[in-house]
Every structure is written in C-alpha cells, then in structure tokens.
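# Examination of the molecular architecture
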Protein chains: 2
Amino acid sequence: MRIDCLQYANWSEKIFRQMREGGVDAVHVTIAYHENFRETVLNFEKWNRWFEQYPDLIMKGQWASDIDKARETGRTAIFFGFQNPSPIEDDIGLVEIVHTLGARFMQLTYNNQSLLATGCYESEDTGITRMGKQVIKEMNRVGLVVDMSHSADRSTIEAAEFSERPIAITHANTYEWSPALRNKRDAVVRAVTENGGMLGFSLYPHHLKDKSDCTLESFCEMIARAADQYGTEHLGIGSDLCQDQPDSIVEWMRVGRWSKEIDYGEGSATAPGFPPMPQWFEDNRHFGNIETGLRATGLSNDEVAGIMGGNWYKFFADNFGPKSQT
Amino acid sequence: MRIDCLQYANWSEKIFRQMREGGVDAVHVTIAYHENFRETVLNFEKWNRWFEQYPDLIMKGQWASDIDKARETGRTAIFFGFQNPSPIEDDIGLVEIVHTLGARFMQLTYNNQSLLATGCYESEDTGITRMGKQVIKEMNRVGLVVDMSHSADRSTIEAAEFSERPIAITHANTYEWSPALRNKRDAVVRAVTENGGMLGFSLYPHHLKDKSDCTLESFCEMIARAADQYGTEHLGIGSDLCQDQPDSIVEWMRVGRWSKEIDYGEGSATAPGFPPMPQWFEDNRHFGNIETGLRATGLSNDEVAGIMGGNWYKFFADNFGPKSQT
C-alpha cells in the first residue's frame, strides 16, 4: 500500500495516470493555501468535476475504507486538506462544514501568524490562541486532523499536547539532518509522535540535504534514523510534490494576498522558482525508488510497508471521524 | 410512520419535543428562502449545533435509512431543503456541494422569476430557462429533488417532463378544492404525479378552504378525492407549519431583499401576518387528527399509512442519491 500525505500538483489526466503507474493508493491533496471559505468551495467543486471526468483513475477519499475501495477498483483515493485555516475564516461552525465536504487535514498556520497559532516564519511564537484552542477541540470532535507542517515550534508542541487526538506534520524532514527553517527539531517531532502523531517525509528540495542533489541513500538514512528515534509506526511519506506548477504558483503560495512585497520563502532572489526534484523522485511513478532505498537501510519489510502507506492508513482509520465512530 | 415534508418553525427544544409527542419520524425543514450560499451555510451550521445540543430528540437525515435509525432510537430525522435556488447562486457546481452538506429538496423558484424558472406570482411564465435545464440535470445526477411548490404552472409541467427523475410539490393543495394562487391545478398535479412525483398537502390556512376555519373533514375529503384522481401512492403531507414565528418572518419570506415595497403575498394589508392554524392542526402533536380524519373518508389503513409517511419514505429512498446507488 502506498499513501502520499501531501501533494499540490497542477492536476491533469497525465498526473492521475502516473499515480496509477506508481501504484499510489491514496494522496492527500492541498486544496487551500490562502482561499477563504467560498474560494475553497470552488476548489471542492473543481475536484468534483475531476471525479466525474476520471472515474476510472481517481475517487473521493473520505475514510480509510475508501482506500480499500480504491485498491479493489484500481484507482487512487484523493483526500483533501488545507495548508492554512483561511477556509474556516473566523467561524468555528465551518470546521464541521468543511469536514462534511471532505476536508481531513487543516494546518493551523501557513508560515504566518493565523487566528489560531504562529507560523514558522514569524519572529515571535506565542503558541495556540484562544480561538486556536476552541478550533482544536472542534477539529477533535468531528475528525479533522491538526497539521502543523508550517507552524512554529512552540505552537506545534502546544498543539500536540492540547489536542486530545493525535496530530500530524504531513510534510517536513528532521532539522538535524537538514537544518531548513521548515524542518522539525527533535523536541517538536518528539511531542508529535509521543502523542500518537505522524511525520510525513518531504521530497521538496528545499527540505532535503544538498537540495536537488540529495541522494536517495541520504534521504532513506534520515528516515531510518528517525525510525530509531521516534518509532517506525509514526513515520510516512508526504512528498510535497508540486508537479507541473509554474513558478508563479510558488510565489502565490508565499505571498498570497497578505503582502505587496515579494517574499522568497525557502527560495531566494536568484532562485525564486521551484527547484528541480531529485532525479530519483520526479513524479508519482518513483515511489518504488523510495521503497527500495528504505529496504537498503536494513529496515524490515514490514517497517518499510508501514512507512510507504500502512502507517498513514492506520492513522486515517483512527482520526477521520468522530471518536465514538472510530 | 409519520413524515412531514415541509416545516419552517422557529425551532426550539419545545418544538423538537412536540415532534416526539406527535410521533413524527422525519421532517423536511426549509433552511433557505432568500439566502445566498454563504448565508445558507450559516443555517446548516445552526442545525449542526441543534444536533449537538439535542441528540436525544433529533438527528440529521440524509437517506431514507436515517428514518429507520431515527425510529429505532426514538428521534426525529431532519432533512434539509431550500424554497429558492438562491443558495446555488449562479454556480452549478454548488448543486453537488449543497447535496453533500445534506440538502435534499430545492425549489426552482420562490414566487418570483429565478435564474431557473418562473414563480407563481409572475404574470408571464416562460418555463424552464437555459440554466434551469442544466441545473435539473445536475440535480437528477446527485439526487437533489426538484420542488415546484411556489412555481408557475408551465414551469412546473415542464420541470416534471424534463426531469429524468420524479419531482415534488412538497406543500400545496388542489386548486379545485380551494382556488388559491399557490394551490395546484389538475394539469399540474397530473404532470407531477404521472411522472412518479409527489404532492404534499399543506395546512397553511391560506391554502385551505375557509382558511383558519377549514374543517378536518373538508381537508381529508380533498385528499380522498386526490387519491381517486392521481393515485394514493403519490400523496403525502407537507404541513407548511411555521410554528412560533413572529409576523416579521412572513414579511421577510415575501419580500426578502428583492423589493423595497411591501408585498402581502397570500395575505392582505388588513391581515399581513400569519393566520391562526385550524384548531385540529396547531402543531406537531396533531398529526393523529389527520390520520383519524383520513380513515373516516373510507381510505384503507394501508392507504392512510402511505399518505401519513410511507409514500414519502419510498420517495426519499428512491431519489436522494445518485441513480446508480438507489
């Protein structure tokens, strides 16, 4: 079973076919970075059209059991998430509404301070806000997973501890392996995994040691080390694949409409666009390389199967509905 | 089994308890008259709160099987509908979105011309519009029922014929019994029922012969006559009960924000508010009176059971999901 817990591609039939070629059973796709509620609904609508247009390739994913259904019918189950809480605006009632529409992950912040918590690019991290605590409780109630991939350390640790259900960092690597601002320090990963949460490893070059030149061996060794530190069962993949996107998209991700000035985020003035992916992971057809690389580290077949998908499957099964139901 | 296929009360614990006292297993409640999409979502949110607050009295209804669940647990299943297509704005993608959120009926018009069809108060009825045809197809696809209670005759007949699935007039009576503008002429009822659709009989005094003074006998005789004309299996109740609403609400229903001038609709300058309900049907506890009244007309027990709920149950089972699923 292969599950990728984050992609934001420029979706097309080509990519859906590559998912099938790569044996990808489920993908968590981002459908909001800066969108408000109504704009996010337009993105749900866009996916509804794709489900109608490509019924043999993809299907809407709402529950872990949809992954079984996708496997039985040779399709990829698409699960929705937001990288920002902008879709719920200032309205806690929208948490249940977006969950009903199919959202299963929501980041409490995207780089900046939000109404709920502090993003990883702010200079001061004040932790979870008053509204943030109410929203985490509501997310726990309905089964919308707290994702802290783009949040600051204190906010992430507080979210892991305050949340009554496990949280996730869907796409990031370990800071000790590659000290990027978005990669996660030991105390952060520990707080998340000790509370039952998950870390999905990212293939986005800015998160990799030596960026686009990162080797498969180095990437897999990082995962094997994390398995020793935090337990294999808390680890998965969240590739952050942004396939076929123009560079204008990465600029929009970074500045949305919150700034009139350019912000290069993980890039720079000389390299503002998407960096090239490492040769061994260019698209959905390359998940087999990671699987092979992980086996070469000495991880057991069961451990590798867990990291490639089994661990996310179990996490989805436990966390996507009201607690009483799961 | 008792199903009421239209109410718009000023909801409260008192009314939910009266539903239980009256043995009402399911109610179709209106959650939009003039609201746009975002405002309608606020109304879904309001109901989510009531489902949380009164889990022993009410539950969200999405499928006919939820009525069985409600009966097993001694609750009333609440199904959502709109009396206007305003919630989908000019966006056909919202048809599937509102269905996912739980909407199961949508009127193509509320008295006035809409983007989709002509309302019953317009002087010219031009039938189903270009967008109206597209929206009916989409409603057919997802399982959102076309309701023509407040539509003009030609539009209603065209909708019944164009729709590939049965449509409904959830709340109105026969024009021959009481020639109110909102009551339905023989050709209209015939077009709806001959295409498998349903007529729900209304207790709103403006739709009754002699209004608030209408007798139970007269009301039930009208139903018995309709059973002869159109077949019992196409008949149900849609009480149009607007319990505990202030008169300001009926004014808002009539003028929304489309007019700066007052419009009295079925009322008049001297009687602008809600007329008193007939003594034998004041609230949800009085459904037994209708049942008794129907039996007295000579309809069989099975026929009466169908009209009180069984016919709507079957209609819900056939029409609330994609056709392949049902």
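Everything here concerns the structure above.
In this report, the structure presented in the accompanying data block is examined. Since this is a predicted model, take the numbers as computed values, not measurements. (Residues numbered from 1 in each chain as written. Chains lettered and ligands numbered in written order. Predicted model: local features only at pLDDT ≥ 70, side-chain atom pairs only at ≥ 80, totals over all residues. Heavy atoms only, no water.)

### Quick notes on the overall build of chain A
Within chain A one finds 11 helices and 9 strands. Computed over the C-alpha atoms, the radius of gyration of chain A is 18 Å, within 12% of the 20 Å expected from 2.2 N^0.38 for a compact globule of 326 residues. Across its three principal axes, chain A shows a C-alpha extent of roughly 45 × 40 × 40 Å. Here chain A holds 326 residues, and the buried ones make up 63% of them. In chain A, the share of contacts with a sequence separation of at least 24, taken over all contacts with a separation of at least 6, comes to 70%. Summed over its atoms, the accessible surface of chain A is roughly 12,500 Å², and 46% of this surface lies on carbon and sulfur atoms. A gap of 3 Å separates the mean positions of the 32 positive and 47 negative side-chain charges of chain A. (Helix = DSSP H or I, 4+ residues; strand = E, 2+ residues; numbered from the N terminus. Rg over C-alpha atoms; globule rule 2.2 N^0.38 Å. Buried < 20%, exposed > 50% of the residue type's maximum accessible area, 1.4 Å probe, protein only. Contact = heavy atoms within 4.5 Å. Areas by Shrake-Rupley, 256 points an atom, 1.4 Å probe, with all protein chains shown as cover. Lys, Arg positive; Asp, Glu negative; His and termini not counted. Charge placed at Lys NZ, Arg CZ, Asp CG, Glu CD.)

### A word on the state of the cysteines
Scanning all chains against the criterion turns up 0 disulfides over all chains. Free cysteine: Cys220(A), not disulfide-bonded; nearest cysteine sulfur from Cys214(A) at 8.9 Å. For the unlinked cysteine Cys120(B), the closest cysteine sulfur is that of Cys242(B), found at 15 Å. A relative accessible area of 10% places Cys120(B) in the buried class. (Disulfide = S-S within 2.5 Å.)

### Overview of helix α4 (residues 93-101) of chain A
Given 3.6 residues to a turn, an α-helix orients residues that are three or four positions apart in the same direction. For α4(A), the tally of buried residues reaches 9 of 9 residues, placing the bulk of the element in the interior. Backbone geometry just after α4(A) places Gly102(A) at a positive phi near 120°.

### Some remarks on the relation of the copies chain A and chain B
Rotating chain A by 180° and translating it 0.0 Å along the rotation axis places it on chain B, where the RMSD comes to 0.0 Å. The two molecules are tied by a two-fold rotation axis, judged by turn and shift. A share of 100% of interface residues in chain A that are also interface residues in chain B marks the association as one of identical surfaces. (Least-squares fit on C-alpha atoms with pLDDT ≥ 70 in both.)

### Quick notes on the pairing of strand β5 (residues 103-107) of chain B
All names here are of chain B. Where burial is concerned, most of β5 is hidden: 5 out of the 5 residues are buried. Sheet topology note: the strand β4 (residues 76-82)/β5 ladder contains 3 bridges and is parallel. Residue pairing for β5: phenylalanine 82 is matched across the bridge by methionine 106. Here 3 bridges tie β5 to strand β6 (residues 145-147), and the two strands are oriented parallel to one another. The residue bridging glutamine 107 from the neighbouring strand is aspartate 147, located in β6. Viewed along the sheet, the connection from β5 through helix α5 (residues 130-142) into β6 turns out right-handed. (Pairing = 2+ DSSP bridges. Right-handed = clockwise from strand over helix to strand, strands pointing away.)

### Looking at the packing of helix α8 (residues 216-230) of chain A against helix α10 (residues 287-296) of chain A
Residue and element names in this part refer to chain A. Packing of α8 against α10 brings their axes to within 9 Å, and their N-to-C directions diverge by 65°. Crossing of α8 against α10: the hand is right-handed. Of α10, the residues touching α8 (which contributes Leu216, Phe219, Cys220 and Ile223) are Asn289, Ile290, Gly293 and Leu294. For the contact of α8 with α10, a count of residues per class yields 6 nonpolar, 2 polar and no charged. (Axes fitted to C-alpha atoms, helices over the stretch in contact; angles between N-to-C directions. Left-handed = near helix turned anticlockwise from the far one by under 90°. Nonpolar A, V, L, I, M, F, W, Y, C, P; charged D, E, K, R; others polar.)

### With respect to the interface of chain A and chain B
Taken together, the contact pairs 18 residues of chain A with 18 residues of chain B. Here chain A packs against chain B, burying approximately 1,500 Å² in sum over the two surfaces, 56% of which is carbon and sulfur. Sorting the residues of chain A by area buried against chain B places Arg38(A), Glu45(A) and Ile97(A) first, and these three jointly supply 29% of that buried surface. At the junction of chain A with chain B, the criterion picks out 6 salt bridges. The salt bridge involving Arg38(B) is made with Asp91(A); its shortest N-O contact spans 2.8 Å. On inspection of chain A and its partner chain B, the count reaches 4 residue pairs in polar contact (both at pLDDT 80 or more). At the level of elements, α2 (37-53) and α4 of chain A are the ones that each hand at least two residues to the side of chain A that touches chain B. It is α2(A) that contributes the most residues to the side of chain A that touches chain B, 8 residues altogether. (Buried area = accessible area lost by both parts, 1.4 Å probe. Salt bridge = Lys/Arg side-chain N within 4 Å of Asp/Glu carboxyl O. Polar contact = N/O pair within 3.5 Å; in protein donor to acceptor, adjacent residues only side chain to side chain.)

### Brief notes about the environment of Thr76(A)
All names here are of chain A. With respect to the helices and strands, the residue threonine 76 is situated in strand β4 (residues 76-82). Taking the C-alpha atoms as reference points, threonine 76 and tyrosine 313, 237 residues apart in sequence, are found 13 Å from one another. Contacts of threonine 76, omitting those with residues within four sequence positions, involve Met19, Arg20, Val24, Asp25, Ala26, Val27, Leu57, Ile58, Met59 and Ala70. A polar atom in the side chain of threonine 76 sits 2.8 Å from the backbone oxygen of valine 24.

### Topic: the pairing of strand β8 (residues 198-201) of chain A
Residue and element names in this part refer to chain A. Residues of β8 alternate between two faces, with Met198 and Gly200 on one and Leu199 and Phe201 on the opposite face, all of them buried. Pairing of strand β7 (residues 168-169) with β8 involves 2 bridges; the strand directions are parallel. The residue bridging isoleucine 169 from the neighbouring strand is leucine 199, located in β8. Read from β7 through helix α7 (residues 186-194) to β8, the crossover connection turns out right-handed.

### Description of helix α2 (residues 37-53) of chain B
Residue and element names in this part refer to chain B. With 17 residues, α2 should reach 24 Å at 1.5 Å per residue; the first-to-last C-alpha distance of 25 Å fits that figure. Restricting attention to buried positions, one finds in α2 the residues Phe37, Thr40, Val41, Asn43, Phe44, Glu45, Trp47, Asn48, Trp50 and Phe51. Put simply, asparagine 36 is the residue that caps the front of α2, since its side-chain oxygen is 3.2 Å from the backbone nitrogen of arginine 38. (Expected span 1.5 Å × (residues − 1).)

### Some details on unusual backbone geometry
One non-glycine residue, Lys211(A), adopts positive backbone phi at about 45°. Relative to the elements of secondary structure, Lys211(A) occurs in the loop between β8 and α8. Unlike most non-glycine residues, Asp244(B) shows phi in positive territory, near 65°. On the basis of relative accessibility, which here comes to 38%, the residue Asp244(B) falls in the partly exposed class.

### Details of the packing of aromatic side chains
Residues and elements named next belong to chain A. Under the criterion given, the structure shown has 51 aromatic pairs over all chains. Measuring from centroid to centroid gives 5.9 Å for phenylalanine 105 and phenylalanine 316, while their planes differ by 65°, and the two rings are edge-to-face. Of this pair, phenylalanine 105 sits in strand β5 (residues 103-107) while phenylalanine 316 sits in helix α11 (residues 301-319); the two residues are 211 residues apart in sequence, bridging distant segments of the chain. Here phenylalanine 105 matches phenylalanine 316 in class, with each residue buried. An aromatic cluster of three or more residues is present, and its members are Trp11, Phe16, Phe44, Trp47, Trp50, Phe51, Tyr54, Phe80 and Phe82. Across from the ring centre of tryptophan 63, 4.6 Å away, lies the NZ or CZ of arginine 104, which sits over that ring. Directly above the ring of tyrosine 175 sits arginine 185, whose terminal nitrogen or CZ lies 4.0 Å from the centroid. (Phe/Tyr/Trp six-rings, centres within 6.5 Å; stacked < 30°, edge-to-face > 60°. Lys NZ or Arg CZ within 6 Å of the ring centre and 35° of its normal.)

### Some details on the pattern of salt bridges
Counting across every chain of the model gives 36 salt bridges over all chains. Residues Arg141(B) and Glu96(B) are paired through a salt bridge, measuring 2.8 Å at the closest nitrogen-oxygen approach. Of the two residues, Arg141(B) sits in helix α5 while Glu96(B) sits in helix α4 (residues 93-101), which places them 45 residues apart along the sequence. Between Arg225(B) and Glu176(B) there is a salt bridge, with the nearest N and O atoms lying 2.6 Å from each other. Separated by 49 residues along the polypeptide, Arg225(B) in helix α8 (residues 216-230) and Glu176(B) in the loop between β7 (168-169) and α7 (186-194) bring together distant segments of the chain. Here Arg225(B) falls in the partly exposed class, since its relative accessible area comes to 43%. One network of salt bridges, in which partners are shared, links Arg38(A), Glu45(A), Glu89(B) and Asp91(B).

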